[in-house]
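Below, each chain spelled out in residue letters.
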Amino acid sequence: MTLKDVSKPSLTCPPNTTVAADGTCSGTVGSHSAVSVSDNCTANPTVTQSPASNTALNGHNDVETVTLTANDGNGNTEFCTFTVTLKDITKPSITCPPNTTVAADGTCSGTVGSHLAVSVSDNCTANPSVTQSPASNTVLNGHNDLETVTLTADDGNGNTEFCTFTVTLKDVTKPSITCPPNTTVAADGTCSGTVGSHSAVSVSDNCNPNPTVTQSPASNTALNGHNDVETVTLTANDGNGNTEFCTFTVTLKDVTKPSITCPPNTTVVADGTCSGTVGSHSAVSVSDNCTANPTVTQSPASNTVLNGHNDVETITLTADDGNGNTEFCTLTVTLKDVTKPSITCPPNTTVAADGNCSGTVGSHSAASVSDNCTANPTVTQSPASNTALNGHNDVETVTLTADDGNGNTQFCTFTVTLKDITAPTVVCKAHTAALNAAGMASITTADVYQSGADNCGTVNQVSVVPNTFICSNLGANIVVLTVNDGNGNTATCSAVVTVVDLIPPTMLCKNGTVSLNNIGQGSITTADINNGSSDNCTLASLSVVPSNFTCANLGTNTVTLTGTDQSGNTATCQATVIVRDTIKPTVLCRNATINLNNAGQATLTVADVNNGSFDNCSIASFTLSQTAFTCAHLGNNLVTLTGTDIAGNTGSCTATVTVRDLIAPVAKCKNATANMG
């Protein structure tokens, strides 16, 4: 008997399983083992698999039934089955477009819009579905309102992937502005004027209810000369990067542009003339739905000049897709002044001390200040102008700082010194100065100084001019008193110095003699008896009393010499003046005839022969050389008449005296001889 194994092996398959799809959405069945296998006779039955392990699976949910067959080698087999399913467990790949913008409409609104992924792929699904959240009609309101958009790719196999980007509402609509009509400015007296400040007739914007309006050129821009025309531009700025302008007299215009991302605003360092150029700029990013590389142009050109600190040039980068569609973005290039101003201080200066010997530093200006950008840099002073100075020569160091208003400063210093330049005050008083015996007098400053005051120092008496006097200064003299305060300041006042002479003259007399003249008069002068009289000044006058003499004064006379100086002081001395008469009488004779009387006698009188004799004084007596005549004298007789004046002076004359006998004789004749005498 042959023992035969007719029992099938026992075989347990693994559970149904899955295989992850690879990048091509493929896989293989793989090699599988039974969970358990046994046989009654064979310890390790052979297990085979069908289909083979490298059997391909393609596509999500592609299922292959796998049979495991156990063979005990004795002709007995058993099998079991399970499924191997290809599963897509790989998320799709999705790339979102870059962040984008939506142009705000006339109400400053917009919608998110419908967006496509830049790329979407899946290992199994050729065209995964893409959904967008939020929906395309989601509303955006207001400039820079931002919505994050999510694009979700679904491969339909239970696998999803998402990406996000932002959609920003951008106000790309320029404001609307209407200028006033062309206007005129009345020329002033120099045929000049200014542009003036102007407002738009109307201005509006889709997003900004009150766009900012600026004017160029500035309101103070000068107009010079008849028909000088300045084009005024009013520019409305909605604060969202959009501007619009209008002009009166010259119209500037602007247009709308496409989408482009500019580099950030930048600065240019101002040169020595406060200038620079815009430079060349490239967009950070630029894209277009049709043109991969839109042409980007820059306006203004790179060599466009910037002038003045914070002169801002708006650079427009314009992307042109070549299809007639353009978009622009802007950045600003600002000229920055980084150069310090130049400042020169005034020289060291002084401040006049006030009445309290105080002062303040005062407000000072730079001798010169300049800057490469600012025509008139602001100059500040430290310490402040009201900083107190006290006392002569009090010094304060003053710093002037020039600020160009652009963040650049420079300083210089000088000193302000309080100086007492106020003259002291002085009050003079009158003074009387008496001349001494030498005719001189002197005064000191104290003689005419009454009072004085000074704001800073003490009043020092310096001099009085003139301070010496002589006789020529008698009376009122104006003198000038000079004082100082010790700080270099002087003052004067005038005083009256009355120079007086209180010393009487010194009188010296000498005796004199005076002879009467032919009319019996004589006089003396002061010189006749002045024996060197003197005065400390000048004898203004001399007088002598008496000074005139007549015959009545013959002999010794006492006279008084009086000296009066120019101040009216008098003194006297006395002298003896002898008055003499040295002039003889003038005796004038006349012939006379006398007749003998009965006795043969005749008498001659002075009157008979005096023919008007006279004397400068008086003739005290006359004498005749012969007064008695007798018959012996008949005929002509010479008689001398002598006159003697009161001074004893004599004079004489002779006269012929004819003696006559007119009496007839008594004739008793006898012869006789008569001798005539």
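This structure is a prediction, so every number in the text was calculated from the model and none was measured.

Trainee: Help me understand the overall build of the chain, please; the structure alone is not making it clear to me.
Mentor: Assigned secondary structure in the chain consists of three helices and 57 strands. Taking 677 residues into account, the globule formula puts the C-alpha radius of gyration at 26 Å, and the chain, at 77 Å, lies well above it. By its C-alpha atoms, the chain is 295 × 65 × 35 Å across when sized along the principal axes. Classification of the 677 residues of the chain by burial places 36% in the buried group. Within the structure as shown, the chain displays about 35,400 Å² of accessible surface, and the carbon and sulfur contribution to it stands at 48%.

Trainee: I keep staring at the state of the cysteines and nothing clicks. Help me out?
Mentor: Each disulfide consists of one covalent bond between the sulfur atoms belonging to two cysteines. This structure, assessed with the given rule, holds 14 disulfides. At a sulfur-sulfur separation of 1.8 Å, the disulfide partner of cysteine 13 is cysteine 80. Because the sign of the S-S torsion sets the handedness, a value of about 90° for the bond joining cysteine 13 and cysteine 80 places this disulfide among the right-handed ones. Residue cysteine 13 is found in the loop between β1 (10–12) and β2 (17–20), and its partner cysteine 80 is found in strand β8 (residues 77–87); the two are separated by 67 residues along the sequence. Here the two residues cysteine 13 and cysteine 80 agree in accessibility, since each one is buried. The side chain of cysteine 345 participates in a disulfide bridge whose partner is cysteine 412; the two sulfur atoms lie 2.0 Å from each other. An S-S torsion of about 90° defines the bridge between cysteine 345 and cysteine 412 as right-handed. Linking cysteine 345 in the loop between β30 (342–344) and β31 (349–352) with cysteine 412 in strand β37 (residues 409–419), this pair joins segments that are 67 residues apart in sequence. Residue cysteine 345 is classed as buried on the basis of its relative accessible area, which comes to 12%. A residue is classified by how much of its surface remains accessible, and cysteine 412, at 12% relative accessible area, is buried.

Trainee: Explain the confidence of the model for the chain here, please?
Mentor: Regions with low pLDDT should not have their predicted coordinates read in detail. Averaged over all residues, the pLDDT of the chain is 92; the fraction at 70 or higher stands at 97%. The low-confidence segment residues 250–256, where pLDDT is below 50, has 18 contacts with residues more than four positions distant or belonging to other chains.

Trainee: Would you mind showing me how to read the sheet that holds strand β7 (residues 63–71) here?
Mentor: Two pairing modes exist for strands in a sheet, parallel and antiparallel, and in both the strands are linked by backbone hydrogen bonds. An order of β2-β8-β7-β5 is seen for the four strands of this open sheet, with the pairing classed as mixed. What marks the edges here is a single partner per strand, and that holds for β2 and β5 (46–50). Averaged over all pairs of adjacent strands, the angle between their axes in this sheet comes to 30°, without regard to strand direction. Pairing between β2 and β8: four bridges, direction parallel. Looking at β8, one finds that valine 19 is bridged to leucine 86.

Trainee: Explanation requested: the nonpolar core in the structure shown.
Mentor: Side chains of nonpolar character tend, in soluble globular proteins, to be buried together. In this structure, Val426, Ile443, Val448, Val479, Leu481 and Val497 are the most contacted members of the largest nonpolar core, which totals 20 residues. Discounting chain neighbours no more than four positions away, the residues touching valine 479 are Ile443, Val448, Val464, Val465, Pro466, Phe469, Cys493, Ser494, Ala495 and Val497.

Trainee: Which parts of the structure should I look at to understand the side chain of aspartate 72?
Mentor: The residue aspartate 72 is located in the loop between β7 and β8 in this model. Despite its burial, aspartate 72 pairs with no opposite charge, the nearest such side chain being lysine 8 at 11 Å. Looking at aspartate 72, its side chain comes within polar contact range of the main-chain nitrogen of asparagine 74, at 2.8 Å. Leave out the neighbours within four places in its chain, and aspartate 72 touches Asp5, Ser7, Pro9, Asp39, Thr42 and Pro45.

Trainee: Help me understand the sheet that holds strand β34 (residues 378–382), please; the structure alone is not making it clear to me.
Mentor: Spatial ordering of the open sheet is given by β31-β37-β36-β34, a layout of four strands whose pairing is mixed. The open sheet has two free edges, formed respectively by β31 and β34, since each of these has just one partner strand. Strand-to-strand twist across the sheet, computed as the mean angle between neighbouring axes with direction ignored, equals 30°.

Trainee: Explanation requested: the pairing of strand β50 (residues 555–565) in the structure shown.
Mentor: Pairing between strand β48 (residues 539–545) and β50: six bridges, direction antiparallel. For leucine 539, the partnering residue across the bridge sits in β50 and is aspartate 565. One ladder, built from 10 bridges, connects β50 with strand β51 (residues 570–580); its direction is antiparallel. Note that in β51 the partner of glycine 555 across the bridge is valine 579.

Trainee: So what exactly am I meant to see when it comes to the environment of serine 543 here?
Mentor: Looking at the secondary structure, you find serine 543 in strand β48. Residue class for serine 543 comes out partly exposed when judged on its relative accessible area of 35%. As for serine 543 and threonine 560, which are separated by 17 residues in sequence, their C-alpha atoms are 8.1 Å apart. Beyond its immediate sequence surroundings of up to four residues, serine 543 is in contact with Thr526, Thr560, Leu561 and Thr562.

Trainee: Can you help me understand the side chain of histidine 364 in this one?
Mentor: Locating histidine 364 in the fold gives a position in the loop between β32 (358–360) and β33 (368–370). Taking the relative accessible area as the measure of exposure, histidine 364 reaches 18% and is therefore buried. In this structure the side chain of histidine 364 is engaged in a polar contact, spanning 2.7 Å, whose partner is the backbone oxygen of valine 361.

Trainee: I tried to follow the environment of threonine 90 on my own but got confused; where do I start?
Mentor: By the element assignment, threonine 90 lies in the loop between β8 and β9 (93–95). Threonine 90 gets classed as partly exposed once you look at its relative accessible area, which sits at 33%. A C-alpha to C-alpha distance of 9.1 Å links threonine 90 and asparagine 157, two positions 67 residues apart in sequence. Polar side-chain contacts of threonine 90 include one of 3.5 Å to the side chain of asparagine 123.

Trainee: Looking at this structure, I do not really get unusual backbone geometry. What am I missing?
Mentor: Leaving glycine out, the prevailing phi sign among residues is negative, and the prevailing peptide bond configuration is trans. Put simply, serine 50 and proline 51 share a cis peptide bond, and its omega is -5°. The residue proline 51 is located in the loop between β5 and β6 (56–58) in this model. Here the bond from serine 133 into proline 134 is cis, since omega is 0°, no more than 30 degrees from zero. Residue position: proline 134 is located in the loop between β13 (129–133) and β14 (139–141). In this structure, asparagine 144 takes a positive phi of about 70° despite not being glycine. Mapped onto the secondary structure, asparagine 144 falls in the loop between β14 and β15 (146–154). Of note in this structure, cysteine 274 is not a glycine but carries a positive phi near 60°. Topologically, cysteine 274 is positioned in the loop between β24 (266–269) and β25 (275–277). Taking relative accessible area as the criterion, cysteine 274 reaches 4% and is therefore assigned buried.

Rules used throughout
Residues numbered from 1 in each chain as written. Predicted model: local features only at pLDDT ≥ 70, side-chain atom pairs only at ≥ 80, totals over all residues. Heavy atoms only, no water. Helix = DSSP H or I, 4+ residues; strand = E, 2+ residues; numbered from the N terminus. Rg over C-alpha atoms; globule rule 2.2 N^0.38 Å. Buried < 20%, exposed > 50% of the residue type's maximum accessible area, 1.4 Å probe, protein only. Areas by Shrake-Rupley, 256 points an atom, 1.4 Å probe, with all protein chains shown as cover. Disulfide = S-S within 2.5 Å. pLDDT = per-residue confidence, 0-100. Contact = heavy atoms within 4.5 Å. Pairing = 2+ DSSP bridges. Axes fitted to C-alpha atoms, helices over the stretch in contact; angles between N-to-C directions. Core = buried A, V, L, I, M, F, W, Y, C linked by side-chain atoms within 4.5 Å. Lys, Arg positive; Asp, Glu negative; His and termini not counted. Salt bridge = Lys/Arg side-chain N within 4 Å of Asp/Glu carboxyl O. Polar contact = N/O pair within 3.5 Å; in protein donor to acceptor, adjacent residues only side chain to side chain.

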